[in-house]
Amino acid sequence: MTVAIVGMGLIGGSLGMALRRAGLRGVGVGRNPSRLRRARALRACHDWTTDPAEAARAADVAVICTPVQTIPSLARRMAVANPQLVITDAGSTKAGVCRAARRPPLHGQFVGSHPIAGSEKKGIEAARHDLFRGAVCVLTPTARTSKDAVSTVSRLWRRVGMRVLTMTPEQHDQALAGTSHLPHALATALVHTLSKRSVRDLGAGSLRDMTRVASADPIQWTQIFMTNRRGILRRTAAFRAAHRRFETYLRSGNARALQAWFRGAR
């Protein structure tokens, strides 16, 4: 099997390294030849090209690891170049991507997927072969998705050590709004309440743990938030309600209720 990997950053590079170890051939796709040469030097791909259509014609499967708003156009371009190509992605939101994939020329060959693995770091230099091992990948097929395509994509993620779950695109976005997207918003908001000096001189382990993801790629996360606005706003409202309970207990000096609040989360 030959896999075209579009976007050779942290996710794409790690996937290429893992696929090589699994005995599969990877073709890196990107816009910057020097970065692609670096990816090959790091053994993240066997070969590379700057032309997604060229990669599509040489591949059995394509995995698009680019910002979410660019995924539909890249998928359509590759589907035109190779109508037999199975196409998936690694985007953090799924409803919009899968809705766009229902239209020709993709038909049933696109399978939405989200490997829930990564870090606040970016770029091929941060890639590692074991990034996906033991993590979960969510597949989000629709009624139009080919069962053979789902099976192919499922096998691909399992080859790199992932556990595969299946849910609808909408279910995925609602769940990830709470488990991934809201935490990024809270980490960023917390950083905005602090001074540089306090972070530098007084930041302990708890602060580092809570704010690590605030250093993630701003462009990538803006696109994630814009494509899952409703889900994130619902989770934000739930957070405000929980925080109001905390404030109420603290203002009234209700130590018993505050202790129960902490115990419930523990």
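Every chain is numbered on its own, with residues counted from 1 as its sequence reads. Side-chain atom pairs in this predicted model are given and counted only at pLDDT of 80 or more, local residue features only at pLDDT of at least 70, and totals for whole chains, interfaces and linings cover all residues. In computing side-chain properties, one takes all heavy atoms of the structure into account and sets aside hydrogens as well as water.

Asker: Lay out the sheet that holds strand 5 (residues 86–89) with the relevant residues and their values.
Answerer: By definition, two strands form a pair when at least two bridges between them are found by DSSP. For helices the rule is a DSSP run of H or I covering at least 4 residues; for strands it is a run of E covering at least 2, with both sets numbered from the N terminus onward. Taken in spatial order, the six strands of this open sheet run 3-2-1-4-5-6, and their pairing is parallel. Looking along the sheet, the strands with just one partner apiece sit at the ends: strand 3 (47–49) and strand 6 (110–111). Judged from the two bridges that link them, strand 5 and strand 6 form a sheet pairing that is parallel. Its bridge partner lying in strand 6, T88 is registered against V111. Whether two residues are in contact is decided by their heavy atoms, any of which lying within 4.5 Å being enough. Angles shown run from 0 to 180 degrees and are taken between the N-to-C directions of axes, each axis being a line fitted to C-alpha atoms and, for helices, limited to the stretch in contact. Most of the contacts of helix 2 (residues 33–41) go to strand 3, to which it runs at about 165°, and overall it touches strand 2 (25–29) and strand 3. Running at roughly 55° to strand 5, helix 6 (residues 147–159) makes contact with strand 1 (2–6), strand 4 (61–64), strand 5 and strand 6 of the sheet.

Asker: Can you explain the pairing of strand 1? Please cite residues and give values.
Answerer: Three labels apply to residues, based on accessible area from a 1.4 Å probe with only protein chains included: buried if under 20% of the type maximum, exposed if over 50%, partly exposed otherwise in between. Burial of strand 1 is extensive: five of the five residues sit out of reach of the surface. The alternating pattern of strand 1 places T2, A4 and V6 on one face and V3 and I5 on the opposite face, and all of these are buried. Relative to strand 4, strand 1 runs parallel, the two sharing four bridges. Paired with V3 across the bridge in strand 4 is V61.

Asker: Go over the pattern of salt bridges, please, and point to the residues and values.
Answerer: Think of it this way: side chains of opposite charge can pair up when their charged atoms draw near. Every case where a carboxyl oxygen of Asp or Glu lies within 4 Å of a side-chain nitrogen of Lys or Arg is listed as a salt bridge. The final tally for this structure, using the stated rule, is seven salt bridges. One salt bridge connects R77 with D51, and the closest N-O pair in it is separated by 3.4 Å. On the criterion of sequence distance, the pair formed by R77 in helix 4 (residues 71–81) and D51 in the loop between strand 3 and helix 3 (52–58) is long-range, its members being 26 residues apart. On the basis of relative accessible area, R77 is assigned to the partly exposed category, the value being 45%. The partner of D89 in a salt bridge is K94, and the shortest N-O contact between them spans 2.8 Å.

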